[in-house]
Amino acid sequence: MTVRTIIEYPHPNLRLVSAPVTVFDEKLKELIRDMFETMYQSQGIGLAAPQIDIQKQIVVIDVSEDHSQPLVLINPKITRREGSTAIDEGCLSVPLDYRAKVDRAEKITIEYFDEDGARQQRDADDLLAICMQHELDHLQGKLFIDYLSSLKKGLYDKKLEKYRRYKRKAENAKKSEHA
Ligand code: NI
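The structure presented is a predicted model; accordingly, all values stated were derived computationally and were not measured.

A. Structural context of the overall build of the protein. Secondary structure summary: the protein contains three helices and seven strands in total. Each helix and strand of the protein, placed in order from N terminus to C terminus, yields the pattern α-β-β-β-β-β-β-β-α-α. A compact globule built from 179 residues should have a C-alpha radius of gyration of about 16 Å, and the protein, at 17 Å, falls within 12% of that. Its C-alpha atoms give the protein principal-axis dimensions of roughly 55 × 40 × 30 Å. Within the protein, the fraction of its 179 residues that count as buried is 41%. Looking at the protein alone, contacts between residues at least 24 apart form 65% of all its contacts between residues at least 6 apart.

B. Local environment of the side chain of Lys153. Position of Lys153 among the secondary structure elements: in helix α3 (residues 150–177). A distance of 3.1 Å separates the side chain of Lys153 from the side chain of Tyr9, its partner in a polar contact. Beyond its immediate sequence surroundings of up to four residues, Lys153 is in contact with Tyr9, Ile145 and Leu148.

C. Summary view of the coordination of the nickel ion. Taken together, the protein donors to the nickel ion comprise Cys91 (SG), His134 (NE2) and His138 (NE2), at separations of 2.1 to 2.2 Å. Under the relative-accessibility criterion, Cys91 is labelled buried at 13%.

D. A look at the packing of aromatic side chains. On inspection of all chains with the given rule, the structure shows five aromatic pairs. Measuring from ring centre to ring centre gives 6.1 Å for Phe24 and Phe113, while their planes differ by 45°; the resulting arrangement is tilted. With Phe24 in the segment before α1 (26–41) and Phe113 in strand β6 (residues 107–113), this residue pair connects regions lying 89 residues apart in the sequence. With relative accessibility at 30%, the residue Phe24 sits in the partly exposed group. For the ring pair Tyr98 and Tyr156, a centre distance of 4.5 Å and an interplane angle of 40° mean the geometry is tilted. Placement of Tyr98 in the loop between β4 (88–89) and β5 (100–101) and of Tyr156 in helix α3 is noted, with a sequence separation of 58 residues between them.

E. Region of interest: the nonpolar core. Within the largest apolar cluster, 17 residues are counted, with the highest numbers of intra-cluster contacts made by Ile61, Leu71, Leu73, Ile108, Ile110 and Met132. Of all elements in the fold, only β2 (58–61), β3 (71–82), β6 and α2 (126–139) reach the threshold of two or more residues within this core. Examining the composition of this core, we find that six residues originate from one element, α2, more than from any other. Setting aside residues up to four positions removed in sequence, Leu73 forms contacts with Gln57, Ile58, Val59, Ile61, Ile110, Tyr112, Phe113, Met132 and Leu136.

Calculation criteria
- Residues numbered from 1 in each chain as written.
- Predicted model: local features only at pLDDT ≥ 70, side-chain atom pairs only at ≥ 80, totals over all residues.
- Heavy atoms only, no water.
- Helix = DSSP H or I, 4+ residues; strand = E, 2+ residues; numbered from the N terminus.
- Rg over C-alpha atoms; globule rule 2.2 N^0.38 Å.
- Buried < 20%, exposed > 50% of the residue type's maximum accessible area, 1.4 Å probe, protein only.
- Contact = heavy atoms within 4.5 Å.
- Polar contact = N/O pair within 3.5 Å; in protein donor to acceptor, adjacent residues only side chain to side chain.
- Donors = N, O, S within 2.8 Å, 3.2 Å for Na, K, Ca; no water.
- Phe/Tyr/Trp six-rings, centres within 6.5 Å; stacked < 30°, edge-to-face > 60°.
- Core = buried A, V, L, I, M, F, W, Y, C linked by side-chain atoms within 4.5 Å.

Structure, rendered in structure tokens:
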């Protein structure tokens, strides 16, 4: 198993639309194992393949605290949405541990394939339903910060740009120190 590199906003590849999985083989299972490893190592509850720069419709989720409920969603589609809810969301691809509330359906029904290529369907609510909606957005090139007001988004972009400038400066200082 390998921990993969997570790409971060504003990386342009996070905006690509993912293709459906058509081959269910050992290579796919290996990729899924890597995705779980990467997600657990970053203490996330969900990870979509595009976050490791692979534009395929694969999502891994585990909302438990002890890694006991691993769930793989391949080529997932939400077929029913009910109610509305919002919690503070974050994302492994959105730097500075930024959090914001996003309107989501409270209950959903989701259809997907498991890692063996078998068709599955299940209902979800609460955190699991929110997490599924967040991860499925990644497959369409969408991030939770896209739902923010332009004012909030602008503030976040400014903060991130400031942080990146600071980081570059610190890295350059370190380089000249070792030159
Ligand atoms: Ni995310």
